Amino acid sequence: MLQRAIMLLGGEIGYLSAPLAEALENVSYKISGEIGDVFQKISKQLQKRKEQTAEEIWNVIWQKEAKSMYLTAEDIQMVLEFGKTLGYLDKQQQEHSMQRLLFDLEQMEKRITHRLQKNGKLYYRMGILCGLLLIVVLL
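Cut-offs and rules
Residues numbered from 1 in each chain as written. Predicted model: local features only at pLDDT ≥ 70, side-chain atom pairs only at ≥ 80, totals over all residues. Heavy atoms only, no water. Helix = DSSP H or I, 4+ residues; strand = E, 2+ residues; numbered from the N terminus. Contact = heavy atoms within 4.5 Å. Expected span 1.5 Å × (residues − 1). Buried < 20%, exposed > 50% of the residue type's maximum accessible area, 1.4 Å probe, protein only. Patch = residues over 30% accessible without salt bridge, like charges linked within 9 Å, V, L, I, M, F, W, Y side chains within 5 Å. Areas by Shrake-Rupley, 256 points an atom, 1.4 Å probe, with all protein chains shown as cover. Salt bridge = Lys/Arg side-chain N within 4 Å of Asp/Glu carboxyl O. Polar contact = N/O pair within 3.5 Å; in protein donor to acceptor, adjacent residues only side chain to side chain. Core = buried A, V, L, I, M, F, W, Y, C linked by side-chain atoms within 4.5 Å. Phe/Tyr/Trp six-rings, centres within 6.5 Å; stacked < 30°, edge-to-face > 60°.

Draft legend 1. Focus on the environment of Val-79. By the element assignment, Val-79 lies in helix α5 (residues 73-83). As a C-alpha pair, Val-79 and Ala-18 span 61 residues in sequence and 21 Å in three-dimensional space. Residue contacts for Val-79: discarding those within four places in its chain leaves Leu-2, Trp-58, Trp-62 and Leu-101.

Right, here's the structure in full:
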């Protein structure tokens with residue numbers, strides 16, 4: 001969902017040239033769940049803007065909401081790094097920053113999938129061996 005949200009945000013900023021608060025709000029309507037809620041909260045704070053930068057708002061809300069999400073600390077760190085580019089770079093640089101975040105998230109997803117496949121085989125085999133051991137012990 002995070003990858004999809006970032007891609008939609010890139011479209012909002014890149015093709016529609018929407019202001020950041022409006023782009024985040026539009027994305028929040030299209031993304032359900034916690035990610036959509038985070039984008040909506042950031043949008044509302046940006047509209048209020050009480051002497052805070054977009055980066056500060058992004059960081060505060062993501063750090064507060066990260067505890068209730070299924071994202072790793074590395075994922076959150078990548079999102080916070082991305083937040084440093086919001087609000088002050090031009091459109092092209094923001095698009096590049098979004099592409100970098102998407103690439104990093106895809107690489108993380110590949111590493112996790114590889115680890116899951118490797119460990120899944122190990123756990124499957126350990127389960128079979130434990131079952132056999134249990135049968136031998138019971139006999």
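Back to the write-up after that little detour.
Draft legend 2. Main features of helix α6 (residues 91-138). A rise of 1.5 Å per residue sets the reference length of α6, with its 48 residues, at 70 Å; its end C-alpha atoms lie 68 Å apart and thus fit the reference within 8%. Every buried residue of α6 is listed here: Gln-94, Ser-97, Met-98, Leu-101, Leu-102, Leu-105 and Met-108. Against α1 (2-14) and α5 lie the buried residues of α6.

Draft legend 3. Quick peek at a nonpolar patch on the surface. Residues Tyr-124, Ile-128, Leu-129, Leu-132, Ile-135 and Leu-139 make up a contiguous nonpolar surface patch of roughly 710 Å² in combined accessible area. Residue position: Tyr-124 is located in helix α6. For Tyr-124, a relative accessible area of 60% puts it in the exposed group.

Draft legend 4. Highlighting the environment of Leu-105. Within the secondary structure, Leu-105 is located in helix α6. The spacing of Leu-105 and Ala-18 is 87 residues in sequence and 24 Å in space, taken between C-alpha atoms. If sequence neighbours within four positions are ignored, Leu-105 has contacts with Leu-2, Gln-3, Asp-75 and Met-78.

Draft legend 5. Structural detail: the side chain of Glu-12. Mapped onto the secondary structure, Glu-12 falls in helix α1. At 3.0 Å, the side chain of Glu-12 and the side chain of Asn-26 are in polar contact. Those residues in contact with Glu-12 that sit more than four places away from it in its chain are Ser-17, Ala-18, Ala-23, Asn-26, Val-27 and Lys-30.

Draft legend 6. Expanded view of the pattern of salt bridges. Under the counting rule described, the total for this entry stands at five salt bridges. The salt bridge involving Glu-12 is made with Lys-30; its shortest N-O contact spans 3.2 Å. Placement of the pair is Glu-12 in helix α1 and Lys-30 in helix α2 (residues 20-30), with a sequence separation of 18 residues. Glu-12 gets classed as buried once you look at its relative accessible area, which sits at 5%.

Draft legend 7. A look at the nonpolar core. Grouped together as the largest cluster of nonpolar side chains are 35 residues, with contacts concentrated most on Leu-9, Phe-39, Ile-42, Trp-58 and Trp-62. Elements supplying a minimum of two residues to this core: α1, α2, α3 (33-48), α4 (54-65), α5 and α6. Apart from residues lying up to four places away in sequence, Leu-9 is in contact with Ala-23, Leu-24, Val-27, Phe-39, Phe-82 and Met-98.

Draft legend 8. Fine view of the packing of aromatic side chains. Counted by the stated rule, this structure contains four aromatic pairs. Geometrically, the ring pair formed by Trp-58 and Trp-62 is tilted, given 5.7 Å between the ring centres and 50° between the ring planes. Here Trp-58 and its partner Trp-62 are both found in helix α4, four residues apart, which amounts to about one turn of the helix. Exposure remark for Trp-58: the relative accessible area of 0% places this residue in the buried category. Accessibility expressed as a relative area gives 0% for Trp-62, which makes it buried. Aromatic pair Trp-58 and Phe-82: ring centres 5.6 Å apart, planes at 70°, arrangement edge-to-face. Here Trp-58, found in helix α4, pairs with Phe-82, found in helix α5; they are 24 residues apart in sequence, far enough to count as distant. The residues Trp-58 and Phe-82 share a single accessibility class, namely buried. Among the aromatic residues, those joined into a ring-pair cluster are Phe-39, Trp-58, Trp-62 and Phe-82.

On their own, these measurements won't tell you what the molecule is for.
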